[in-house]
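What follows is each chain in one-letter form.
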Amino acid sequence: MCVCLTVHRLFILALIGVSIAWIPVVQTAQSGQLFDYIQSITSYLTPPISAVFFLGIFCKRVNESVSFHLNHLFIDTFQLCEQSTACLI
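Residues numbered from 1 in each chain as written. Predicted model: local features only at pLDDT ≥ 70, side-chain atom pairs only at ≥ 80, totals over all residues. Heavy atoms only, no water.

**Remarks on the environment of Tyr37**
Cut-off, in case you're wondering: Numbered from the N terminus, helices here are DSSP runs of H or I no shorter than four residues, and strands are runs of E no shorter than two. Burial classification: accessible surface area is computed with a 1.4 Å probe over protein chains only, and a residue below 20% of its type maximum counts as buried, one above 50% as exposed, and the rest as partly exposed.
Note that Tyr37 resides in helix H2 (residues 34–58). The class of Tyr37 is partly exposed, set by a relative accessible area of 27%. In the structure, Tyr37 is positioned 11 residues away from Val26 in sequence and 7.9 Å away in space, judged by C-alpha atoms.

**Some remarks on the packing of aromatic side chains**
Ring pairs (aromatic) are described by centroid distance and by the angle formed between their planes. As a reminder of what qualifies: Side-chain rings of Phe, Tyr and Trp, where Trp is taken by its six-membered ring, are said to pair if the distance between their centres is within 6.5 Å; with planes under 30 degrees apart they count as stacked, over 60 as edge-to-face, and otherwise as tilted.
Tallying each qualifying case throughout the model produces two aromatic pairs. With a centroid separation of 5.6 Å and an interplanar angle of 70°, the aromatic rings of Phe53 and Phe54 are classed as edge-to-face. Summarising the aromatic geometry, the rings of Phe54 and Phe58 are spaced 6.4 Å apart at their centres and angled 10° between planes, so their arrangement reads as stacked. Pair noted here: Phe54 and Phe58 are both in helix H2, with a separation of four residues, about one helical turn.

**Remarks on helix H1 (residues 3–29)**
What counts, and what does not: Expected span of a helix, by definition, is 1.5 Å for each gap between consecutive residues, and there is one gap fewer than residues. Bend at a residue means the angle formed by two fitted axes: the first through the 7 residues ending at that position, the second through the 7 residues beginning there.
For H1, built from 27 residues, the straight-helix expectation of 39 Å at 1.5 Å per residue is met to within 8% by its first-to-last C-alpha distance of 39 Å. When the local axis directions of H1 are compared, the greatest deviation, roughly 30°, occurs at Trp22, which is followed within four positions by the proline Pro24.

**Details of a nonpolar patch on the surface**
Stated formally: Like-charged residues within 9 Å of one another, or nonpolar side chains (Val, Leu, Ile, Met, Phe, Trp, Tyr) within 5 Å, are grouped into patches, provided each residue has over 30% relative accessible area and no salt bridge. Residue-level accessible areas treat just the shown protein chains as cover; the underlying method is Shrake-Rupley with a 1.4 Å probe. Criterion for a salt bridge: a side-chain nitrogen of Lys or Arg within 4 Å of a carboxyl oxygen of Asp or Glu.
Together, Leu10, Phe11, Ile12, Leu13, Leu15, Ile16 and Ile20 make up an exposed nonpolar region whose accessible area comes to about 710 Å². Its location among the elements puts Leu10 in helix H1. On the basis of relative accessibility, which here comes to 54%, the residue Leu10 falls in the exposed class.

**Notes on the confidence of the model for the protein chain**
Here is the rule we go by: As a per-residue quantity, pLDDT reports the predictor's confidence and falls between 0 and 100.
Considering every residue of the protein chain, the mean pLDDT works out to 78; 85% of them sit at 70 or more. Per-element confidence in the protein chain is highest for H1, whose mean pLDDT is 84, and lowest for helix H3 (residues 64–88), whose mean pLDDT is 72.

**A word on H2**
Given 3.6 residues per helical turn, the α-helix brings residues three or four places apart onto the same face. Its 25 residues give H2 an end-to-end C-alpha distance of 36 Å, which sits within 8% of 36 Å, the value for a rise of 1.5 Å per residue. The largest bend in H2 comes to about 25°, at Thr42.

**Quick word on the environment of Ser67**
The cut-off we apply is this: Between two residues, a contact is recorded if the distance between any of their heavy atoms is within 4.5 Å.
Turning to its location among the elements, Ser67 is positioned in helix H3. When the C-alpha atoms of Ser67 and Ile49 are compared, they prove to be 9.1 Å apart, with 18 residues separating the residues in sequence. In contact with Ser67, not counting residues within four places along its chain, are Val52 and Val62.

Right, dumping it as structure tokens:
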């Protein structure tokens, strides 16, 4: 078996271990509302990734570099909007 496959499998096992170890930390920080925590993280990441995906499909000039910078721009914009609306409430 290739050394690369062994390294990849060990890395995945390490990520699974970190994920399992992270659950109690999230539960105590969010008062047991793990679903709300996951939804808030997903709400930050889904719109920019979807927008860049559709731009990549419909625009021929969107390459890897452009999509990388657009993702960062969109994620930063959504975070700023969320922070500004949280301050207004």
